[in-house]
Amino acid sequence: MSDLETRAVPARAPLLRRAVPALLGYAAVRALGLAVLAGWSAARGKSAHTLLTARWDSLWYTRVAELGYGYEVRLPNGDVHSNLAFFPLLPWLERLLHALAPLSYADAGFVVSLSASLAAAAGIFAVADRLYGPRTGFFAVLLWAVLPVGIVQSMAYSESLFTALAAWSLYAVLAGRWVSAGVLAALAGLTRPVGAAVVAAVWTAAVISFVRERGTRHAPGAHPATRAPGGHAPDTPALGAHGPGGDAPGAPAVTPVGPSAPGAPAWRRALGMLLAPLGAAGYVLWVGHRTGAGPLGYLDVQAGWRNGFDGGYAFARFVAGRFTSFPSALAGLGLIAGVALLIWLYVICVRRRQPPALLVYTGVVLALALCASSYFGSKPRLLMPAFPLLLPLACALARRRPPVAALVTAGLAGAAAVYGAFWLNGSGPP
């Protein structure tokens, strides 16, 4: 073991206390976005409140919360839009908050999303802080806040709730808290179809831990280490937090190490694996039973919305169709550049050896978002939960001088606020 690994780890403040600067920064970015949206909407004679709580998918969620499942819309072309396509956790929380407080279902959804967005920011900080240190965690949260479609984090949508559950489940995996990871993965599976990504992450980390533990037991002279799947002792920071360059400006990036021997009993890992898929599997099977279509009935529901998985064929055709005229060709080039950026960031994550749980999670989120035949305007917000892609950029900002980093994030925050206001007052998310 190296001197770096045996070095005594300095005492650190509790996680949530370390997260306070990041959460304050996140709240400031979101407040700016809401203020710009309010001003822009008022100038156009629209209600920012309505845009955030009572349009597009928000209406479907509140209808489920108020009336339950069973509502559908039949379109002239034969498509059937059923509210069974919407997973139940957000409507359940809307109904609960409506019963406990004098709030409409729409306002309850707004409060849930605002609260979940803060929980998501804290979870993103926790993951980044554990791998690279608090400074990188701070910038990871701000980068997630200033995404071009970051305004969705403040809408009565399920993206913030899902990201919060996913981030904390991944953190629990890194910390070796397998039961918590499984419970959070099950809740994520009750939130969005992409909950499968969290399940895959938990299962991957658990299987690797079992394999490595078995290899350690059979290695001559080997002694099982009490280390968590993040590559460091449970409840202690990763090497990136205190090792050379972890958060020091101008220092080289620190590469997190992969999973090592687990620090939890085998039964806890097995229980976490058992719990993780219960949410998604339970809802999908219930939909199949309700529709009478069997275990794959949920796919029929999604097909009614023209959602499916075609390996990216429909998306490729959509991008190719942008090159039929000069103005739209610019949009086509922008889409190609955006996809290339996502792939490049993922390659960096792989080269820098992010823990397998994060790599699997991000890979599944990317695959489901980019290779689905769903409405193409939805793809930017469907990619929002893929926050591990931001960690290389957060590391780069953490190494910059504070004035430079502040200028970059402030500029991105302003641009995101303007774009979010423009977007919601225009086509907006479906």
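Keep in mind it's a predicted model, so treat the numbers as computed, not measured.

1. Structural notes on the overall build of the chain
Along the chain, the regular secondary structure elements total 20 helices and two strands. For the chain, buried positions account for 50% of its 430 residues. For the chain, restricting intrachain contacts to residue pairs at least 6 apart in sequence, the fraction spanning at least 24 positions comes to 77%.

2. Brief notes about the pattern of salt bridges
Pairs can form between side chains of opposite charge whenever their charged atoms are close. Scanning the model with the defined rule gives seven salt bridges in all. Residue Arg381 is joined to Asp57 by a salt bridge in which the shortest nitrogen-to-oxygen separation is 3.1 Å. A residue pair is termed long-range when its members are at least 10 positions apart, and Arg381 in helix α18 (residues 379-382) and Asp57 in helix α4 (residues 57-67) qualify at 324 residues. Neither Arg381 nor Asp57 differs from the other in exposure class; each is buried.

3. Details of the side chain of Thr163
Residue position: Thr163 is located in helix α8 (residues 159-174). The exposure class of Thr163 is buried, given its relative accessible area of 0%. Reaching out from Thr163, the side chain makes a polar contact with the backbone oxygen of Glu159 at a distance of 2.8 Å.

4. Re the confidence of the model for the chain
Counting all residues, the mean pLDDT for the chain is 87, and 86% of those residues have values of 70 or more. Low confidence marks residues 1-10, where pLDDT is under 50. Its contacts with residues over four positions away, or in another chain, come to 10 contacts. Considering only residues more than four positions removed or in separate chains, one finds that residues 224-262, a stretch of pLDDT under 50, has 116 contacts.

5. As for unusual backbone geometry
The phi dihedral of Trp56 is positive, around 55 degrees, even though this residue is not glycine. Following the sequence through the fold, Trp56 ends up in the loop between α3 (48-53) and α4. Of the residues examined, Trp56 reaches a relative accessible area of 18% and is grouped as buried. For Arg306, which is not glycine, the phi dihedral falls at a positive 65 degrees. Among the residues examined, Arg306 registers a relative accessible area of 52% and is labelled exposed.

6. Some points on helix α15 (residues 313-321)
Restricting attention to buried positions, one finds in α15 the residues Ala314, Phe315 and Val319. The arc that holds the buried residues of α15, viewed along the axis, is 135 degrees, so those residues lie on one side. In α15, the exposed positions that point more than 90 degrees away from the buried face belong to Tyr313 and Arg317. Contact partners of the buried residues in α15: α16 (326-351), α17 (356-370) and α18.

7. A word on the packing of aromatic side chains
Summed over all chains, the structure comprises 18 aromatic pairs. Seen from their ring centres, Phe86 and Trp305 are 5.5 Å apart, and the 80 degrees between their planes marks the pair as edge-to-face. One end of the pair, Phe86, is in the loop between β2 (80-82) and α5 (89-100); the other, Trp305, is in the loop between α14 (297-304) and α15, with 219 residues separating them in the sequence. Look at Phe86 and you get buried, because its relative accessible area is 7%. Joined through ring pairs, the aromatic side chains of Trp60, Tyr61, Tyr71, Phe86 and Trp305 make up one cluster. Sitting above the plane of the Phe318 ring, Arg322 keeps its charged end 4.4 Å from the centroid. When the ring centre of Phe315 is taken as origin, the NZ or CZ atom of Lys379, which lies over that ring, is 5.1 Å away.

8. Section: the nonpolar core
A general feature of soluble globular proteins is that nonpolar side chains tend to end up buried together. Formed by 107 residues in total, the largest nonpolar core has its most connected members in Tyr361 and Leu424. For this core, the element with the most residues is helix α6 (residues 105-132), which contributes 12 residues.

9. A few points about the packing of α15 against α16
Here α15 crosses α16 at 140 degrees, and the two axes come no closer than 8 Å. In terms of orientation, α15 lies oblique with respect to α16. Note that α15 runs across α16; the crossing there is left-handed. From α15, Phe315, Phe318 and Val319 reach across to α16, where they touch Gly332, Leu335, Ile336 and Val339. Here the residues of the contact of α15 with α16 sort into six nonpolar, one polar and no charged.

Scoring rules and cut-offs
- Residues numbered from 1 in each chain as written.
- Predicted model: local features only at pLDDT ≥ 70, side-chain atom pairs only at ≥ 80, totals over all residues.
- Heavy atoms only, no water.
- Helix = DSSP H or I, 4+ residues; strand = E, 2+ residues; numbered from the N terminus.
- Buried < 20%, exposed > 50% of the residue type's maximum accessible area, 1.4 Å probe, protein only.
- Contact = heavy atoms within 4.5 Å.
- Salt bridge = Lys/Arg side-chain N within 4 Å of Asp/Glu carboxyl O.
- Polar contact = N/O pair within 3.5 Å; in protein donor to acceptor, adjacent residues only side chain to side chain.
- pLDDT = per-residue confidence, 0-100.
- Arc of directions from axis to C-beta.
- Phe/Tyr/Trp six-rings, centres within 6.5 Å; stacked < 30°, edge-to-face > 60°.
- Lys NZ or Arg CZ within 6 Å of the ring centre and 35° of its normal.
- Core = buried A, V, L, I, M, F, W, Y, C linked by side-chain atoms within 4.5 Å.
- Axes fitted to C-alpha atoms, helices over the stretch in contact; angles between N-to-C directions.
- Parallel < 35°, antiparallel > 145°, perpendicular 65-115°, else oblique.
- Left-handed = near helix turned anticlockwise from the far one by under 90°.
- Nonpolar A, V, L, I, M, F, W, Y, C, P; charged D, E, K, R; others polar.

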